[in-house]
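These are the residues of each chain, in order.
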Amino acid sequence: MTEGAAEKLYCYNHPQRETLLRCNRCERPMCTSCAVLTPTGYRCKECVRGQQKKFETAHWWDYLFAVVVAGILGLIGSLISNRIGFFILFIAPVAGMVIAEAVRLVIRRRRGR
């Protein structure tokens with residue numbers, strides 16, 4: 001080898017694959033199948049998973065509340081739609097947005113998967 005040649009790097013997950021790609025957060029060498037393209041560059045799957053966990057703030061009861069609120073408002077909307085008839089085609093998108101915003105309000109805008 002020459003003096004200026006870089007040492008061979010191998011993927012942290014696939015030790016048989018030679019690579020020149022590194023995670024821009026933890027600097028681990030990774031192959032193209034282990035790399036995830038983000039707006040700031042390539043990252044390994046562990047760094048991406050760790051970053052996503054910061055945004056997952058929902059509790060288990062949020063899912064229960066969301067189902068109950070959406071079910072009740074959907075039931076009310078279906079009862080009203082029987083009376084409106086054809087014009088429900090124009091009102092349904094607005095009703096869907098109202099239901100979605102009501103669910104977001106009840107779960108205090110926490111996010112989950």
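Owing to the predicted nature of the structure, the values given are computational and were not obtained by experimental measurement. (Residues numbered from 1 in each chain as written. Predicted model: local features only at pLDDT ≥ 70, side-chain atom pairs only at ≥ 80, totals over all residues. Heavy atoms only, no water.)

Colleague: What is the right way to look at helix H3 (residues 88–106) in this model?
Modeller: Owing to its 3.6 residues per turn, the α-helix brings residues three or four apart onto one side. The terminal C-alpha atoms of H3, which comprises 19 residues, lie 26 Å apart, in line with the 27 Å expected from a rise of 1.5 Å per residue. Once H3 finishes, Arg108 follows within two positions and takes phi at roughly 55°, a positive value. (Helix = DSSP H or I, 4+ residues; strand = E, 2+ residues; numbered from the N terminus. Expected span 1.5 Å × (residues − 1).)

Colleague: What exactly am I supposed to notice about a nonpolar patch on the surface here?
Modeller: A cluster of nonpolar side chains, Trp60, Trp61, Leu64, Phe65, Val68, Ile72, Ile76, Ile80 and Val106, forms an exposed patch at the surface whose accessible area comes to about 870 Å². A per-element tally of the nonpolar patch places helix H2 (residues 60–84) first, with eight residues. Assignment of secondary structure puts Phe65 in helix H2. (Patch = residues over 30% accessible without salt bridge, like charges linked within 9 Å, V, L, I, M, F, W, Y side chains within 5 Å. Areas by Shrake-Rupley, 256 points an atom, 1.4 Å probe, with all protein chains shown as cover. Salt bridge = Lys/Arg side-chain N within 4 Å of Asp/Glu carboxyl O.)

Colleague: Just checking my understanding: could you explain the pairing of strand S3 (residues 35–38) for this structure?
Modeller: Looking down a regular strand, the side chains alternate between one sheet face and the other. Relative to strand S4 (residues 41–44), S3 runs antiparallel, the two being bridged by four bridges. Residue pairing across strands places Leu37 opposite Tyr42, the latter belonging to S4. The hairpin formed by S3 and S4 contains two residues between the paired strands. (Pairing = 2+ DSSP bridges.)

Colleague: I'm lost on the layout of surface pockets in this one. Help?
Modeller: One simple way to see leftover space: roll a probe sized like a water molecule over the atoms. Considering only enclosed or pocket space, the largest pocket measures out at about 210 Å³ in volume. As for the largest pocket, its lining consists of 14 residues, of which Leu73, Gly77, Ile80, Ala95 and Ile99 are closest to the centre. For the lining of the largest pocket, the secondary structure elements donating two or more residues are H2 and H3. Per element, the largest residue contribution to the lining of the largest pocket is eight residues, and it comes from H2. Of the residues that constitute the lining of the largest pocket, the class distribution is 10 nonpolar, four polar and no charged. (1 Å grid on protein atoms, 1.4 Å probe; cavity = no way out; pocket = protein on both sides within 12 Å on 5 of 7 lines; lining within 4 Å. Points joined across faces, edges and corners; volume = space filled by probe spheres on them. Nonpolar A, V, L, I, M, F, W, Y, C, P; charged D, E, K, R; others polar.)

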